[in-house]
Amino acid sequence: MRAEAQAYADKINDALALLRRFLDWDKALRRLDELNARVEDPTLWDSPRAAQEVMRERQRLDSAIGATRAIERELADTSELIAMAEAEGDEGMAVEGTQALKALAERAEQDKVRALLAGEADGNDCYLEVHAGAGGTESQDWAEMLQRMYMRWAERRGMRVELVDYSAGEQAGIKSATMLLKGENAYGYAKTESGVHRLVRISPYDSSARRHTSFSSVWVYPVIDDSIEIEINESDLKIDTYRASGAGGQHVNTTDSAVRITHVPSGIIVASQQDRSQHKNRATAMGMLRARLYEAELQKREAAAMGEYNAKTEIGWGHQIRSYVLQPYQLVKDLRTGVTSTAPGDVLDGALDPFMAAALSQRVTGEKVDVEDVD
C-alpha cells in the first residue's frame, strides 16, 4: 500500500486499538449481552430511574461497539480496494481509496473521542474558573485572554456561556472569572484543561518591548444535580457578602449581593455575583461548592485507577500543562501529550479540540510523554 494510504490506515488502527482498550473489548461484549437481556425483562421498568440507567449504559456500549466494528469493516474493505487498484495499475481507484481512508481516519478519531467521554460526569455542564498568577497586569491580561479562548471554544461547539463570577484587574485584564458552560459533554471535554497555562510574548505594557512570561491557572468541575448527594456541614462554611464588580455604569451593583463561600476543611472557595439577589447568589455558590467537592471525589477515584493523583499546584514555573509562545516564534505546545500548533492565534480563538482529544486518550493509555518545554 502506498505510503499516504498506509499512514491513514495506521492512524485508524491506532484509534481502534485505543477504543478496544478503553472498552475492555471482551468484557464490553459480555456486558452488552447482559444489558440486552435485562431490557427484555418486563420488570425492568418497575424502577424507572434504574431502568433509565440501564438504557443509557446499553446505548453507550452498543454505539461504541457498533462504531468500532463499522470502522474495522470499512478499513478492511478499503484496504482491499486499494490493493486491487495497485495490482491492476488503476491510479484513479487507488487515489479514491486513499481519500476514503483519509475520511475514515477522521471519523475514527471523532468516534474515539466520543467513546472516551464515558466518565461519570462527562456529559454534564461545567464550571470553568480562570485565575491570574503572580505578575500583576501581565498575568491578569493573560487570564482574560484565556477566558476569551474558552468562551470562543464553547461557542464553536454550540454551548451557552454564562459569567457567574468576575473580578477585574487593577489596570487591565481580570484577576479571576468563573464561567458556566452549558452543552453536550461540556465537562468531558473541558476537564482536560485544568492546570497552569504559560504565555511568552512581547509585553504590550512594557515600553522597552521586552519579552515577558505570564502564568494563569484553569480549574474545571462538573455541574451536579440533586440526585448526587454531597454532605456539607453549615459549621464548615465561612460566608461573606460583598458588592458585585462589573464593567461600570448600570452594571455595577449598589448592594452587597455577591456571595463568597469558603469550605474551611478543604480550603475550597466559590463565589457568585451573577444575580442581583443575594439569596439567589448564595444558592448558586452552594451549587458550585457541591460541584467542587464532587469533582474532588472524582479526581480521587481517577487517581486510584491510574495510580497517582495530580493535585492542583501553584501557578508558576514547572507546573504548567501548556505553553503559548507568541514571540520570537509562534508555537503552542502541550507539555503532557506533546501536541503542538504553529497557529497560536487559532488556538487562542478556540481551536482546542486536538489538545483535548490527545489528553483524553492519554487518560486511557496512562502513557507519559517526555516533552521539553519551549523557551
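Details of the structure are given in the entry above.
To start, this report covers the structure provided alongside it.

What follows deals with the pattern of salt bridges. Pairs may arise between side chains of opposite charge once their charged atoms sit close together. The full count for this structure, using the stated rule, is 26 salt bridges. Residue Arg2 is joined to Glu91 by a salt bridge in which the shortest nitrogen-to-oxygen separation is 3.1 Å. Of this pair, Arg2 sits in the segment before α1 (3-23) while Glu91 sits in helix α4 (residues 91-116), and the two are 89 residues apart along the sequence. Arg2 gets classed as partly exposed once you look at its relative accessible area, which sits at 27%. Shared partners join several salt bridges into a network, and the residues in it are Arg148, Arg152, Glu155, Arg156 and Asp349.

Across soluble globular proteins, you tend to see nonpolar side chains buried next to one another. Of all hydrophobic cores here, the largest spans 42 residues; its most connected members are Leu128, Leu146, Met149, Tyr150, Trp153, Leu181 and Tyr324. In terms of residue count, the dominant contributor to this core is helix α5 (residues 137-156) (seven residues). The contact partners of Tyr150, leaving out residues within four places of it in the chain, are Leu128, Met179, Glu193, His197, Val218, Arg322 and Leu352. Core analysis: the next-biggest nonpolar cluster, separate from the first, contains 17 residues, Leu180, Ile261, Ile268 and Leu289 among them.

Examined against the element boundaries, Asn281 turns out to sit in helix α7 (residues 278-306). According to the relative accessible area criterion, Asn281 is buried, its value standing at 0%.

Burial of the side chains of strand β10 (residues 331-334) extends over both faces: Leu331 and Lys333 are buried on one face and Val332 and Asp334 on the other. Sheet topology note: the strand β9 (residues 320-325)/β10 ladder contains four bridges and is antiparallel. Bridging across to β10, Val325 finds its partner in Leu331. Once β9 ends, the chain turns through five residues before running back antiparallel as β10. With two bridges connecting them, β10 and strand β11 (residues 340-341) associate as antiparallel partners. Its bridge partner being in β11, Val332 is matched across the sheet by Ser341.

Cut-off values and rules
- Residues numbered from 1 in each chain as written.
- Predicted model: local features only at pLDDT ≥ 70, side-chain atom pairs only at ≥ 80, totals over all residues.
- Heavy atoms only, no water.
- Salt bridge = Lys/Arg side-chain N within 4 Å of Asp/Glu carboxyl O.
- Helix = DSSP H or I, 4+ residues; strand = E, 2+ residues; numbered from the N terminus.
- Buried < 20%, exposed > 50% of the residue type's maximum accessible area, 1.4 Å probe, protein only.
- Core = buried A, V, L, I, M, F, W, Y, C linked by side-chain atoms within 4.5 Å.
- Contact = heavy atoms within 4.5 Å.
- Pairing = 2+ DSSP bridges.

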